[in-house]
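As a plain string of letters, each chain reads:
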Amino acid sequence: MSSVAVINQAPWRDTASENVLSHLQLPSIEGMADSLVYDVAIIGGGMAGLSSAQAFAQLGASAVVLEAQPALALGASGRNAGILCAGINMPITYTPKGSSAAELWSATQRKLFEVLEEAREQSSFIDVKRVGAMCLATSKTAAARLKRETKARLAACMSAELITAAEVSKLSGGFIDVSNVLSAMMLPDEGAIHPFTLLATMANRARRSGCQIYGEARVESVEPSTGGYIVKTSNGKTIQCRAVVSAVGPLEAPTGRIFALAFKVEIPESCPVWWDANPYIYYDYRPGNGCLTVSGGRYGTPGTSKFDLQYHSKMAAATHQWVPSLAGVEPDYAWGVDLHVAPDLLPELVALGDNWLSIQGLGALGVLPGLVLGERAAKQITTSLALCKK
Ligand SMILES: Cc1cc2nc3c(=O)[nH]c(=O)nc-3n(C[C@H](O)[C@H](O)[C@H](O)COP(=O)(O)OP(=O)(O)OC[C@H]3O[C@@H](n4cnc5c(N)ncnc54)[C@H](O)[C@@H]3O)c2cc1C
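Described below are features of the structure shown in this document.

Here is what the cut-offs are and how they apply
Residues numbered from 1 in each chain as written. Predicted model: local features only at pLDDT ≥ 70, side-chain atom pairs only at ≥ 80, totals over all residues. Helix = DSSP H or I, 4+ residues; strand = E, 2+ residues; numbered from the N terminus. Rg over C-alpha atoms; globule rule 2.2 N^0.38 Å. Buried ≥ 20, exposed ≤ 12 C-beta atoms within 10 Å, placed from the backbone. Contact = placed C-beta atoms within 7 Å. Pairing = 2+ DSSP bridges. Near = placed C-beta within 6 Å. Nonpolar A, V, L, I, M, F, W, Y, C, P; charged D, E, K, R; others polar. Core = buried A, V, L, I, M, F, W, Y, C linked by C-beta atoms within 7 Å.

It is worth spelling out the overall build of the protein at this point. The secondary structure content of the protein amounts to eight helices and 19 strands. Computed over the C-alpha atoms, the radius of gyration of the protein is 21 Å, within 12% of the 21 Å expected from 2.2 N^0.38 for a compact globule of 390 residues. Overall, the protein is about 65 × 50 × 40 Å in size when its C-alpha atoms are taken along their principal axes. Put simply, the protein has 390 residues, and 50% of those count as buried. Considering only contacts in the protein between residues 6 or more positions apart, those separated by 24 or more positions represent 76%.

Turning our eyes to something else, we now look at the environment of leucine 136. Its location among the elements puts leucine 136 in strand E5 (residues 133-137). Take leucine 136: there are 26 C-beta atoms within 10 Å of it, and that puts it in the buried class. With 40 residues separating them along the chain, leucine 136 and isoleucine 176 place their C-alpha atoms 11 Å apart. In contact with leucine 136, not counting residues within four places along its chain, are Val168, Val181, Ala184, Trp274, Asp276 and Ala277.

A separate point is the pairing of strand E17 (residues 333-339). Judged by how many residues are buried, E17 sits mostly within the fold: seven of seven residues are covered. Side chains Tyr333, Trp335, Val337 and Leu339 of E17 all project onto a buried face; the interleaved residues Ala334, Gly336 and Asp338 project onto the opposite face, where all are buried too. Here seven bridges tie strand E13 (residues 256-264) to E17, and the two strands are oriented antiparallel to one another. Note that in E17 the partner of glycine 256 across the bridge is leucine 339.

With that settled, consider the site of the ligand. Taken together, 41 residues surround the ligand, and among them Gly44, Gly46, Gly75, Gly249 and Gly366 come closest. At three residues, the largest contribution of residues to the shell around the ligand is made by helix H2 (residues 47-59). For the shell around the ligand, the per-class residue count stands at 24 nonpolar, 13 polar and four charged.

Strand order in the open sheet formed by three strands is E3-E8-E4, and the pairing between neighbours is antiparallel. The open sheet terminates on both sides in strands that have one partner only, identified here as strand E3 (83-84) and strand E4 (128-129).

Val40, Ala41, Ile42 and Leu199 are the most contacted members of the largest nonpolar core, which totals 120 residues. With eight residues, helix H8 (residues 367-389) is the largest single contributor of residues to this core. Dropping the residues within four chain positions of it, leucine 199 is found in contact with Leu24, Met47, Leu50, Leu72, Ala73, Ser77 and Gly78.

Right, here's the structure in full:
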């Protein structure tokens, strides 16, 4: 793979409308008064922070989002692969029963339906397609695992069914080469989302409910003070608030590097998202918005891009195997992102103080868990503040 023609970013900026891009613009906190007072300060304007902001604003709390970057969508939420997938980053069969992670499966499934529903509302810019997702088994071991996974998902009241290679081929309109596929697990509710459109919708709704979102507002410290906290930004602004939500995302303190690329290609409309059931291959393929976006694989070393070409070449070669019509075609976009990942990384809300919650563990699959936890943080804090008032 030559790197000459490849654009080093995700395709979302190029495929977003001017309207969507305009909602991602932020006023700089530089121009604001030196000291601001709110019920709650939300640190970080990604999926998790904006979900929280929207929920707080709708619950009637005065909220401010402090985003380090000059605009939205510059963190993980604007650089992901655009797969809308319920659950957490592990098979449901591996998730400890009765754990808070197990509960996130049903919560993210409900959130998935909500997003699909919201996309139908007039004020929504959300571009999402419920095309389904297929997990493809190319070995007997993987096929047996898929059987167990399908059973476990059905037991958890999630939609899943086993389908044949011929059905995979039909659903993809012949786009995918199924000659090595033994069977597949079809997840009919999953889909492809344009991440910028979701971020823009949440930002727009939060603002319309009175929330303020500032850019160039990197938070340097959160200190307890009478009745709440004093939050300070690196450019000397001070925010006095009763509660704090930290939603700084997985790009802070990275432990690995994740890779993605995208080919501009026409794909049959009905083609589902797909991935290989073999855990050691694990690339996700996401058709939509005029591209085939590919992400995942083994994680590289953070802080260096010198192996990017190697990783991207492997991903491109794997794509060529699944999609013979792309043989010899190079990707148009290829990007790498340093992020915090760990095998047991589970999305969770962690209390850092009274009415100070941190949303953590959103690694490589965090859109729906981020939306769930963001909203949950807002509900917990609003309830707690109301209790304190009594
Ligand atoms: C290449 C790639 C592909 C992925 N593919 C998918 C996928 O297909 N589907 C899926 O569900 N998930 C996917 N993910 C994961 C998903 O993108 C993340 O889990 C999710 O976006 C995390 O949202 P967040 O709000 O926690 O983080 P972010 O979007 O990173 O938001 C955090 C924000 O906090 C800001 N910030 C950080 N520190 C401070 C500070 N001190 N003060 C103020 N602001 C601060 C950052 O600038 C950032 O904007 C992928 C991730 C990557 C990198």
